[in-house]
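So the chains spell out like this:
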Amino acid sequence: MPSTLLDELLAEARPIWQAMIAHPFLHELATGTLSRERFHFWVQQDYRFVQDGIRFLGLLIARAPDEELRRGLLDAVVAFRNELTIFEESARQHALSLAVEPTPICLGYTSFLLATAATGSLVEALTVLWCAEKAYYDAWSAVRAQLGLAPAYARWIENWTSPQFASWVDWLGEQLAKRATTADQPSIRAAFLATARYEYLFWDMVYTGSNWPI
Ligand code: MP5
């Protein structure tokens, strides 16, 4: 597999990526005009996402064939665990309940992640993880470029734009690129596109308040 795999995936998903970065939720966040209600909805739903992200990593660690991959993913579990604390502290500060049901889109996305980790190939699972992390790195980097480390959002911005997070995303991309074969390519592309679409949908869901109709 050529080392351009990652570039090709990003190029194919570019329209989705651009729509994601330009989404009104991120635009309003970056310009300081996002309503508190919308931001709190993101806090509640993303907390659910990260909780399932830990289960996803657990499945992937169990399937990882070597120590290098297991240890890298184990470090990520610790980082995800620390993220839960950021969500919990923010929720406490704003008297916000985190005991909410996942919306259809949140549940769809996390179910897709867990199903891929349980029944997809190892490289498919690495693809969805790399895509989700890269999407957050790019989305929050765009926010940071406009807003800097504004106090209201500093912990989130710092979390997903730090040099450590950037290194983790790069490491993950390298793991994917070196393990993928040419035969894996169609399933990798499908997994990447589905994940990119879910990333767009997640921002859209928290912006519009999309939830179960009944
Ligand atoms: C991430 C996230 C990044 N928190 N939420 C969504 C919808 N996509 C990606 O994952 P992590 O575990 O917070 O680094």
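Residues numbered from 1 in each chain as written. Predicted model: local features only at pLDDT ≥ 70, side-chain atom pairs only at ≥ 80, totals over all residues. Heavy atoms only, no water.

Asks: Whenever I open this one, helix α8 (residues 154-161) confuses me. Can you help?
Replies: Residues that lie three or four places apart on an α-helix share one face, since the helix turns once every 3.6 residues. Taking burial as the measure, the eight residues of α8 include six buried ones, the bulk of the element. Taken as a whole, α8 has its buried residues at Ala154, Trp156, Ile157, Asn159, Trp160 and Thr161. Buried residues in α8 make contact with α4 (36-63), α5 (67-93), α7 (122-147) and α9 (163-179). (Buried < 20%, exposed > 50% of the residue type's maximum accessible area, 1.4 Å probe, protein only. Helix = DSSP H or I, 4+ residues; strand = E, 2+ residues; numbered from the N terminus. Contact = heavy atoms within 4.5 Å.)

Asks: Where do I start with the environment of Ala177 in this structure?
Replies: Locating Ala177 in the fold gives a position in helix α9. You can call Ala177 buried: its relative accessible area is 17%. Taking the C-alpha atoms as reference, Ala177 lies 33 Å from Tyr153; in sequence the two are 24 residues apart.

Asks: Before we go on, may I ask you to explain the site of the ligand in this structure?
Replies: Taken together, 13 residues surround the ligand, and among them Asp46, Phe80, Glu83, Glu133 and Glu199 come closest. In this structure, an oxygen atom belonging to the ligand sits 2.5 Å away from a side-chain N or O atom of Glu83. A distance of 2.7 Å separates an oxygen atom of the ligand from a polar atom in the side chain of Glu133. Starting from 350 Å² of accessible surface for the ligand in isolation, the protein chains cover 99%. Looking at side-chain class alone, the shell around the ligand contains nine nonpolar, no polar and four charged residues. (Near = heavy atom within 4 Å. Polar contact = N/O pair within 3.5 Å; in protein donor to acceptor, adjacent residues only side chain to side chain. Areas by Shrake-Rupley, 256 points an atom, 1.4 Å probe, with all protein chains shown as cover. Nonpolar A, V, L, I, M, F, W, Y, C, P; charged D, E, K, R; others polar.)

Asks: Please explain the pattern of salt bridges as it appears in this structure.
Replies: Opposite charge on two side chains lets them pair, provided their charged atoms get close. The full count for this structure, using the stated rule, is 10 salt bridges. Among the salt bridges present, the one from Arg144 reaches Glu158, with a minimum N-O distance of 3.5 Å. With Arg144 in helix α7 and Glu158 in helix α8, this residue pair connects regions lying 14 residues apart in the sequence. Classification of Glu158 as partly exposed rests on a relative accessible area of 34%. Among the ionic contacts, a cluster of salt bridges with common partners joins Asp66, Glu68, Lys178 and Arg179. (Salt bridge = Lys/Arg side-chain N within 4 Å of Asp/Glu carboxyl O.)

Asks: What am I meant to see in the nonpolar core here?
Replies: Considering soluble globular proteins, one finds that nonpolar side chains tend to be buried as a cluster. Core analysis: the largest hydrophobic core is formed by 76 residues, its most contacted members being Trp42, Phe56, Leu73, Trp140, Trp156 and Trp203. When residues of this core are assigned to their parent elements, the largest contribution, 14 residues, is made by α7. When residues no more than four places from it in sequence are discounted, the contact partners of Trp42 are Phe25, Tyr47, Phe87, Tyr136, Trp140, Trp156, Trp160, Phe202, Trp203 and Val206. (Core = buried A, V, L, I, M, F, W, Y, C linked by side-chain atoms within 4.5 Å.)

Asks: Whenever I open this one, the packing of aromatic side chains confuses me. Can you help?
Replies: We describe a pair of aromatic rings using the distance from one ring centre to the other and the angle between the two ring planes. Per the stated rule, a full pass over the model turns up 26 aromatic pairs. Here Phe49 and Phe202 contribute two aromatic rings whose centre-to-centre distance is 5.9 Å and whose plane-to-plane angle is 70°, an arrangement assigned as edge-to-face. Placement of Phe49 in helix α4 and of Phe202 in helix α10 (residues 185-208) is noted, with a sequence separation of 153 residues between them. By relative accessible area, which is 14% here, Phe49 ends up buried. (Phe/Tyr/Trp six-rings, centres within 6.5 Å; stacked < 30°, edge-to-face > 60°.)

Asks: Sorry if this is basic, but what is going on with the environment of Ile214 here?
Replies: Positionally, Ile214 belongs in the segment after α10. Sequence separation between Ile214 and Thr116 is 98 residues, and the spatial gap between their C-alpha atoms is 28 Å.

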